[in-house]
Amino acid sequence: MDARLRRVNKEIADCKNDKTSNIQIELIDENPFHLKGSFPGPEGTPYQGGHFEVDIVIPESYPFQPVKMKFLTKVYHPNVSSASGAICLDILKDAWSPVLTLKSTLISLQSLLCSPEPNDPQDAEVAKHYTTSKNSFDETATYWTQIYAGGPGAKEKKGKSAASKAEARDEVAIAGLEKAHVDQFEALGFPRSKVIDVLRRLNYRGANVAKLTDDRVVEELLK
Amino acid sequence: MASDYEFSDSDGDYDDDEDMIDGTQDETGESEDDMDMDAFGDDFKVVPKGKRKSFEIEYESLSQSDVEKLMKKDVEDIVGILGVDESTANLLLRHMSWNTERLIEKYMDNPTKVLVAAGVTVEEPPSSPAPIRSHSIPNSATIGTSQSGRRPTRSSSKLLGSKSPSALKSSSTVSPTSTTRLSPRATDLPTPFVCPICFDDAPTLRPLSLTCSHPFCSGCWTAYISSKITDEAEHAIRCMAEGCALVATDTFIHDLLTASDVDPEEAKVNEETWARFQELLIRHFVASNPNLKYCPYPACTNTVSCPAAASKASLTSVVPIVSCGARGIPGAAQASGSGGNLGLPGKEHKFCFGCPIESDHRPVVCAAARLWLKKCRDDSETANWIKSNTKECSMCMSTIEKNGGCNHMTCKKCKHEFCWVCMGPWSEHGTAWYSCNRYDEKAGVEARDAQSRSRASLERYLHYYNRWANHEQSAKLSLDLYAKTEKKMEDMQITSELTWIEVQFMKKAVEEVDKCRMTLKWTYAMAYYLAKGNEKDLFEDNQRDLEKAVEDLSELLESPIEAENIPMLRQKVTDKTVYVQKRNEIVLEDTAAGFLEGRWKWNVAIDGFDDPEKTEF
Ligand SMILES: [Zn+2]
Ligand SMILES: [Zn+2]
Ligand SMILES: [Zn+2]
Ligand SMILES: [Zn+2]
Ligand SMILES: [Zn+2]
Ligand SMILES: [Zn+2]
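By the naming in an unreviewed UniProt entry, chain B goes by RBR-type E3 ubiquitin transferase and is assigned to Hypsizygus marmoreus.

You'll find chain A entered in an unreviewed UniProt entry as Ubiquitin-conjugating enzyme E2 1, with Hypsizygus marmoreus given as the organism. Here is the UniProt Sequence similarities (unreviewed entry) comment for chain A, exactly as written: "Belongs to the ubiquitin-conjugating enzyme family."

As structure tokens, this is what we get:
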């Protein structure tokens, strides 16, 4: 049997048998070299309670070349691209060692969530947020965990009736959006909550604002 | 070989040259061809061969094995001085980028530090058990490992700055003679052995480790080392254990890649990988030595040694164009047509030793040549229209396509004759008033307001760029010209009494035109930056004379052949070729002399030269 396949199969089986680590690796389809990993957000962090999914691509020369991983779940973190989920982590690059496994790499991602490295950022905007205002950063990261990673509070919030104006304003800030942008599209006659939802989904922040035309946003709002 | 231009440190003896060629390449057949050219090309000799001209630099072409000898000498020196074994000396030298003096100095100062940094020995652990974490990897208890190793400290060696005296003592007791442990019993292996990478536990498995005792199976080692060499072009290959900074020795790598317990196909791949590793080592050595440069042509493994151009300062007075001695690209189609007897050799591996330009940019110095190329890149948008291959006849407006190197255009429709470059009537170019090469500076001087000044500046640039691009275009079309010439040579043999040898004058002429267009091309870059004055006028006079001669010869080569004219044509082409060659040498020699004398003054700031006096141009 192909050595790479044998190793990957063994890794998947080992991970299944291990009930203590909370790391999951599953097949997406019959391709054994394109997998999905997931783990719970670490306790005592803004990611607590969330469930984070990672796209795993195993290259031809694995494990002698590093595995390719990126977050499928949107994560608000200095070392993770808020748009693409790309991860900046040394073991995924030149510090990779063939003795590392999919599981140990996923554990490293989990621990990356505990200890961000804002000086080696993947997402400069998020890193800036982290270094300038830790509290505000934590709020946004918690909010993203609720919205995207199924964190606590997400479900009860859905059950609530119309959100108050004050709460909505907070929502704008912690969604990492600009009030002026939300106001602009609300003025066109769309419900505020819908505007926030769409702008968040389109990642209407920072440099992305220039890339997204108003028409494109309105198109999404009309859907 | 372009023997006239080939440097040889001998007295020009023919056999010496052949030896050099044979030592550096194995393209058979070509030297034979060259011999014919040398024997029968005497019509064209201007200067006796073997003598270096003022615009040529002294250099030496080295084969891969020549460079290996140089490396071996350095290694032997280090073995002798530091008393280490050959493998260790190699790793130390590579770590120090082959700076022997610095290595000796650092090693004398603190051997442990150097040995650890070079990956020869493991860092002495601070009285804790040996780091055999990797043993636990196959089990589930990996959390601690991966977290502590999330940002593995490759810089751990740096921590040694404050090492204890005991660490120093231990280093001197380290015997670097056995850097690899190939015996399975040599380490504290758990039995039976399970490879922590492929999870294989077959009893036939061959566990191997470096002196750090991190064992992995031979199959995994081979796959890992191959991937590092092939995918990453890495020559310093670290141990596979996480965070371990030990570097695999050449012996270790060689043993793996020449192992006999693999199938023939894999053995062949391994052999290629080993060759590639050797090449990486040589490339690293060459890149570390300012006197050496690796030939940039694809698949070529030769090196050129040129100490005369090793310093940046030297590049203001010489243009170090060198050749590795080889020709053509292995496997690629050569310039000659399908099985024709012209037998044109592949392109000579000419490149600049002083800058990344992979062709002959004489007469202009590196800094100015690169400045010009950058300008052309930046301004390519505005200048793009010029490059187009078609133009309209200024008389009848019909479209005319250029298809040869000659600038003398005749409109097929109205028979109007004009110059492709300046679009002026050709009649003026044939007289003493020929001045197609010279930009009329008056227009620039007269420009008063900013807008017309900027227009004048663009026009000025386009004047030079136009001519530059035209020679480049013509040189590109030289493949066509080669093919056409080959056809003509065949025709000549049929229609006349001339033998194959006797029609070689055509080939020589085509080669000369090609070479001179290269010179002409770069003279326009040079002239663009030359400050106004007598020196520039003289430069442009020489440029004009060469250009005129080249266009005349080009035209001769494109003229139709009639049997009764062949002897006359042969005489004319031969004479013109000699003349063109002479004009080319005048340009090159005078420019080279000017650089040595510091005669050339620029109109812009050029790296390494004095800033120009404020002048308008
Ligand atoms: Zn193995
Ligand atoms: Zn090791
Ligand atoms: Zn070469
Ligand atoms: Zn150069
Ligand atoms: Zn016409
Ligand atoms: Zn002209």
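Having seen the model, we can carry on.
(A) Local environment of the coordination of the zinc ion (ligand 3). Residue and element names in this part refer to chain B. For the zinc ion (ligand 3), every protein donor is listed as Cys295 (SG), Cys300 (SG), Cys324 (SG) and His349 (ND1), and the spread of their distances is 2.1 to 2.3 Å. Each of the four donor atoms around the zinc ion (ligand 3) contributes to a set of angles spanning 107 to 116°, which defines the coordination as tetrahedral. Sequence positions of the residues that donate to the zinc ion (ligand 3) give the spacing C-x4-C-x23-C-x24-H.

(B) The arrangement of the pattern of salt bridges in detail. Under the criterion given, the structure shown has 37 salt bridges over all chains. Of the charged contacts, one joins arginine 201 of chain A and glutamate 220 of chain A as a salt bridge, the two residues approaching to 3.4 Å between their closest N and O atoms. Pair noted here: arginine 201 of chain A is in helix H8 (residues 192–201) and glutamate 220 of chain A is in helix H10 (residues 214–222), with a separation of 19 residues, a long-range link. Residue arginine 201 of chain A is classed as partly exposed on the basis of its relative accessible area, which comes to 48%. Taking the relative accessible area as the measure of exposure, glutamate 220 of chain A reaches 8% and is therefore buried. Its salt-bridge partner being glutamate 585 of chain B, residue lysine 53 of chain B comes within 3.2 Å of it at the nearest N-O pair. You can see lysine 53 of chain B sitting in the loop between helix H2 (30–40) and strand S1 (60–62) and its partner glutamate 585 of chain B sitting in helix H20 (residues 566–597), a full 532 residues away along the chain. Of the two residues, lysine 53 of chain B and glutamate 585 of chain B, both sit in the buried class. Salt bridges sharing common partners tie together Lys179, Asp183, Glu186 and Arg192 of chain A.

(C) The arrangement of the confidence of the model for chain B in detail. Residue and element names in this part refer to chain B. Per-residue confidence for chain B gives a mean pLDDT of 76, with 69% of residues at or over 70. Overall, residues 128–186 carries pLDDT values under 50, and its contacts beyond four positions in sequence, including any with other chains, amount to 101 contacts. A low-confidence stretch, residues 443–448 (pLDDT under 50), is modelled with six contacts involving residues beyond four sequence positions or located in other chains. Across the interfaces of the predicted complex, the ipTM metric reaches 0.71, alongside a pTM of 0.67.

(D) Spatial organisation of unusual backbone geometry. Cis geometry is adopted by the peptide bond preceding proline 63 of chain A, which originates at tyrosine 62 of chain A and carries an omega value of 0°. Examined against the element boundaries, proline 63 of chain A turns out to sit in the loop between strand S3 (51–57) and strand S4 (68–71). At the junction of arginine 362 of chain B and proline 363 of chain B, the peptide bond is cis and its omega measures out at 10° in the coordinates. By the secondary structure assignment, proline 363 of chain B is in the loop between strand S8 (348–352) and helix H12 (366–378). The phi dihedral of tryptophan 98 of chain B is positive, around 65°, even though this residue is not glycine. Here tryptophan 98 of chain B is to be found in the loop between helix H4 (86–95) and helix H5 (100–109). Since its relative accessible area comes to 8%, tryptophan 98 of chain B is described here as buried. A positive phi angle, near 50°, is found at alanine 233 of chain B, a position not held by glycine. Residue placement: alanine 233 of chain B occurs in the loop between helix H9 (218–232) and helix H10 (250–257).

(E) Summary view of the coordination of the zinc ion (ligand 4). Of the protein atoms, only Cys352 of chain B (SG), Cys355 of chain B (SG), His361 of chain B (NE2) and Cys366 of chain B (SG) coordinate the zinc ion (ligand 4), at distances of 2.0 to 2.4 Å. Classification of the site at the zinc ion (ligand 4) rests on its four donor atoms, whose angles at the metal span 103 to 113°, yielding the label tetrahedral.

(F) Summary view of the pairing of strand S2 (residues 34–40) of chain A. Residues and elements named next belong to chain A. One ladder, built from four bridges, connects strand S1 (residues 24–27) with S2; its direction is antiparallel. Counterpart to leucine 27 in the pairing with S2 is leucine 35. Linking S1 back to S2 in an antiparallel pair, the connection comprises six residues. In terms of strand pairing, S2 meets S3 through seven bridges, oriented antiparallel. Paired with serine 38 across the bridge in S3 is glutamate 53.

(G) Region of interest: the packing of aromatic side chains. Within this structure, the stated rule accounts for 29 aromatic pairs over all chains. Both rings, one in phenylalanine 216 of chain B and one in tryptophan 221 of chain B, keep their centres 5.7 Å apart while their planes meet at 80°; by these two values the pair is edge-to-face. The exposure class of phenylalanine 216 of chain B is buried, given its relative accessible area of 0%. Three or more aromatic residues joined by ring pairs form one cluster here, namely Trp372, Tyr461, Tyr464, Tyr465, Trp468, Trp522, Tyr528 and Tyr529 of chain B. Lying over the aromatic face of phenylalanine 199 of chain B, lysine 10 of chain A brings its terminal NZ or CZ to 4.2 Å of the ring centre. A cation sits over an aromatic face here: lysine 375 of chain B above tyrosine 461 of chain B, 4.7 Å from the ring centre.

(H) Structural view of the UniProt feature "active site" (unreviewed entry) in chain A. All names here are of chain A. UniProt marks Cys88 with the feature "active site" (unreviewed entry), using the numbering shown here. Considering the arrangement of structural elements, one finds cysteine 88 in the loop between S4 and helix H2 (102–114). On the basis of relative accessible area, cysteine 88 is assigned to the buried category, the value being 5%.

(I) Region of interest: the sheet that holds S1 of chain B. Residues and elements named next belong to chain B. On the basis of which strands lie adjacent, the open sheet formed by three strands has the order S1-S6-S5 and antiparallel pairing. With one partner strand each, in any of the chains shown, S1 and strand S5 (292–294) form the two edges of the open sheet. Between one strand axis and the next, the sheet turns by 25° as a mean value, whatever way the strands run. Looking at chain direction, S1 and strand S6 (residues 303–305) are connected through three bridges and run antiparallel. The residue of S6 that forms the bridge with serine 61 is valine 304. Most of the contacts of helix H3 (residues 64–82) go to S1, to which it runs at about 90°, and overall it touches S1, S5 and S6. This element, helix H11 (residues 264–288), spans S5 and S6 of the sheet and lies at about 140° to S5.

(J) Spatial organisation of the sheet that holds S4 of chain A. Residue and element names in this part refer to chain A. Taken in spatial order, the four strands make up an open sheet running S1-S2-S3-S4, and their pairing is antiparallel. The sheet terminates laterally at S1 and S4, the two strands that pair on one side only. On average, adjacent strands in this sheet sit at an angle of 25° to one another, irrespective of strand direction.

Reading guide: rules and limits
Residues numbered from 1 in each chain as written. Chains lettered and ligands numbered in written order. Predicted model: local features only at pLDDT ≥ 70, side-chain atom pairs only at ≥ 80, totals over all residues. Heavy atoms only, no water. UniProt positions renumbered as here; feature names shortened; annotations may be inferred. Donors = N, O, S within 2.8 Å, 3.2 Å for Na, K, Ca; no water. Tetrahedral: all angles 85-135°; square planar, octahedral: opposite > 155°, others 65-115°. Salt bridge = Lys/Arg side-chain N within 4 Å of Asp/Glu carboxyl O. Helix = DSSP H or I, 4+ residues; strand = E, 2+ residues; numbered from the N terminus. Buried < 20%, exposed > 50% of the residue type's maximum accessible area, 1.4 Å probe, protein only. pLDDT = per-residue confidence, 0-100. Contact = heavy atoms within 4.5 Å. Pairing = 2+ DSSP bridges. Phe/Tyr/Trp six-rings, centres within 6.5 Å; stacked < 30°, edge-to-face > 60°. Lys NZ or Arg CZ within 6 Å of the ring centre and 35° of its normal. Axes fitted to C-alpha atoms, helices over the stretch in contact; angles between N-to-C directions.

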